[in-house]
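What follows is the residue order along each chain.
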Amino acid sequence: MSAEALPQKRGFRTFGGAGWTVAVVFAFLYAYHLWGGIANLIGVLALLNSVGSSGDAVIWTLVISYLVVPIVVYAAALLVGRTLRNGERIVVFVVGFAVVSVLSLSLAAV
Amino acid sequence: MSDRRDDDEALGWAGDDDPTLSPVGVPETSGGSTAPDEAPAAAGAKSVLDEAEDAEDRAVEQELADAEAASAQLSSVALIGLGILGGIYLLYTIGWVISFTRYEVASELSLGVFTELISRTLAVAASPLWFVATLLLTQRRGLRYRFLWLVIGVLVLVPWPFLIGGK
């Protein structure tokens, strides 16, 4: 009813080349955050090894969440953008990118 | 035809038809016994025309109401809700800005500092971005979607670094 020229059912099949291009470009941008999470994980592992402890549950939860946040937000952005136009998908990915920063900083602050 | 009488009353003063007020020389017959018989007849004759006009007016009014509904003025409750949520987003943004200013930039700029600054700038931008993006993207959807996404944003974007008091 709202989308006149658009197909009724929209999903990943209607992404098209442009849609997937957007998704891949943003995948690289989000991957930047993911590397940060991996680097953090390696750093924490090295630190724990040097201290000789195995760390407690809180630390592991934080480290793993820090690592997983970009993946989760990317997946969410992809899902939300599924039914939208391409330009709107870009908006969703941009907002998601900022949200990754928000969540990462929040986790780092805990 | 009480309407007509009401209309007439609106145009006159109480006691206008007091016979003592009738000017000299005006025949009294017009207000006499013939009037009650004539008035309904005249009203009936007019009412066909009036009815047509009224119907036309109602149609126009209906059209206008439909057009107004289509241009979707927000109800006052929705407007207040949006205002409150907008205020929360504004507070969040301020919280993130404060947390940004708490970050002490190291004297020598390294890549780590640079990326940290980018990350914190993005965090400041996140709340307004979410708010504006939600308003833009939910335009074609219902009001319910708009509020749902705004509430999700309120839950996601809490400025923890500011609330906890760390950097």
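In what follows, the structure referred to is the one given above.
Summarised in this report is the structure supplied together with it.

The rules behind the values
- Residues numbered from 1 in each chain as written.
- Chains lettered and ligands numbered in written order.
- Predicted model: local features only at pLDDT ≥ 70, side-chain atom pairs only at ≥ 80, totals over all residues.
- Heavy atoms only, no water.
- Axes fitted to C-alpha atoms, helices over the stretch in contact; angles between N-to-C directions.
- Helix = DSSP H or I, 4+ residues; strand = E, 2+ residues; numbered from the N terminus.
- Parallel < 35°, antiparallel > 145°, perpendicular 65-115°, else oblique.
- Contact = heavy atoms within 4.5 Å.
- Nonpolar A, V, L, I, M, F, W, Y, C, P; charged D, E, K, R; others polar.
- Buried < 20%, exposed > 50% of the residue type's maximum accessible area, 1.4 Å probe, protein only.
- Buried area = accessible area lost by both parts, 1.4 Å probe.
- Salt bridge = Lys/Arg side-chain N within 4 Å of Asp/Glu carboxyl O.
- Polar contact = N/O pair within 3.5 Å; in protein donor to acceptor, adjacent residues only side chain to side chain.
- Phe/Tyr/Trp six-rings, centres within 6.5 Å; stacked < 30°, edge-to-face > 60°.
- Core = buried A, V, L, I, M, F, W, Y, C linked by side-chain atoms within 4.5 Å.

1. A closer look at the packing of helix H1 (residues 16-51) of chain A against helix H3 (residues 86-109) of chain A
Residues and elements named next belong to chain A.
In step 1: The interhelical angle for the contact between H1 and H3, taken along N-to-C directions, is 10°, at an axis separation of 10 Å. Compared by their axis directions, H1 and H3 come out roughly parallel. Between H1, through Ala18, Gly19, Val22, Ala23, Phe26, Leu29, Tyr30, Tyr32 and His33, and H3, the contact on the second element is made entirely by Asn86, Arg89, Ile90, Val92, Phe93, Val94, Gly96, Phe97, Val100 and Ser101.
In step 2: Of the residues assigned to the contact of H1 with H3, the class counts are 13 nonpolar, five polar and one charged.

2. Some words on the side chain of B:Ser119
In step 1: In this fold, B:Ser119 is placed in helix H4 (residues 111-137).
In step 2: Look past the residues within four positions of B:Ser119 in its chain and what remains in contact with it is A:His33, A:Ser101 and A:Leu105.

3. Comments concerning the environment of A:Gly19
Residues and elements named next belong to chain A.
In step 1: Mapped onto the elements of the fold, Gly19 is located in helix H1.
In step 2: Given a relative accessible area of 0%, Gly19 falls into the buried group.
In step 3: The spatial distance from the C-alpha of Gly19 to the C-alpha of Ile90 is 9.0 Å, given a sequence separation of 71 residues.
In step 4: In this structure, Gly19 is in contact with Asn86 and Arg89, ignoring residues within four places of it in sequence.

4. Quick notes on the interface of chain B and chain A
In step 1: Across the contact, 21 residues belong to chain B and 23 residues belong to chain A.
In step 2: Buried area between chain B and chain A, summed over both chains or domains, comes out near 1,900 Å², and the portion from carbon and sulfur atoms is 74%.
In step 3: Looking at the side of chain B facing chain A, the largest losses of area belong to B:Leu122, B:Leu137 and B:Arg140, adding up to 34% of the total buried there.
In step 4: Inspection of the chain B/chain A interface yields zero salt bridges.
In step 5: Run the count over chain B and chain A and you get one residue pair in polar contact (both at pLDDT 80 or more).
In step 6: Among the elements of the structure, H4, helix H5 (143-156) and helix H6 (160-164) of chain B are those that each provide at least two residues to the side of chain B that touches chain A.
In step 7: Broken down by element, the side of chain B that touches chain A gets its largest block of residues, eleven residues, from H4(B).
In step 8: Here the residues of the side of chain B that touches chain A are counted per class, giving 15 nonpolar, two polar and four charged.

5. With respect to the packing of aromatic side chains
Each aromatic ring pair is summarised here by two numbers: the centre-to-centre distance and the angle between the ring planes.
All names here are of chain A.
In step 1: As enumerated under the stated definition, the model contains seven aromatic pairs over all chains in all.
In step 2: When the centroid spacing of 5.3 Å and the interplanar angle of 70° are considered together, the rings of Tyr30 and Tyr74 count as edge-to-face. With Tyr30 in helix H1 and Tyr74 in helix H2 (residues 57-81), this pair connects stretches of sequence that are 44 residues apart. The residues Tyr30 and Tyr74 share a single accessibility class, namely buried.
In step 3: Taking the centre distance of 6.2 Å and the plane angle of 80° together, the rings of Tyr30 and Phe93 count as edge-to-face. Taken together, the residues span a long stretch of sequence, with Tyr30 in helix H1 and Phe93 in helix H3 at a distance of 63 residues.
In step 4: Site record: aromatic cluster; members linked through ring pairs are Phe26, Tyr30, Tyr74, Phe93 and Phe97.

6. Describing the pattern of salt bridges
In step 1: For the structure shown, the criterion picks out three salt bridges over all chains.
In step 2: Residue A:Arg85 is joined to A:Glu88 by a salt bridge in which the shortest nitrogen-to-oxygen separation is 3.7 Å.
In step 3: Put simply, B:Glu51 and B:Arg58 hold a salt bridge, and the shortest N to O gap is 3.9 Å.
In step 4: Residue B:Glu51 is classed as partly exposed on the basis of its relative accessible area of 44%.
In step 5: Owing to a relative accessible area of 49%, B:Arg58 belongs among the partly exposed residues under this scheme.

7. Examining the nonpolar core
In step 1: One finds A:Tyr30, A:Tyr74, A:Phe93, B:Tyr89 and B:Leu157 to be the most contacted residues of the largest nonpolar core, which totals 37 residues.
In step 2: For this core, the elements supplying multiple residues, two or more each, are H1, H2 and H3 of chain A together with helix H3 (76-102), H4 and H5 of chain B.
In step 3: With nine residues, the single largest contributor to this core is H3(A).
In step 4: Apart from residues no more than four positions distant in its own chain, B:Leu157 is found in contact with A:Val99, A:Val102, B:Tyr89, B:Tyr92, B:Trp96, B:Ala126, B:Ser127 and B:Trp130.

8. Let's talk about the packing of H1(A) against H2(A)
All names here are of chain A.
In step 1: As a packed pair, H1 and H2 sit with axes 9 Å apart at the nearest point and diverge in direction by 175°. Here H1 is positioned roughly antiparallel relative to H2, judged by the angle of their axes.
In step 2: Looking at the contact of H1 with H2 residue by residue, the classes come out as 22 nonpolar, four polar and no charged.

These values are about where atoms sit, not about what they do.
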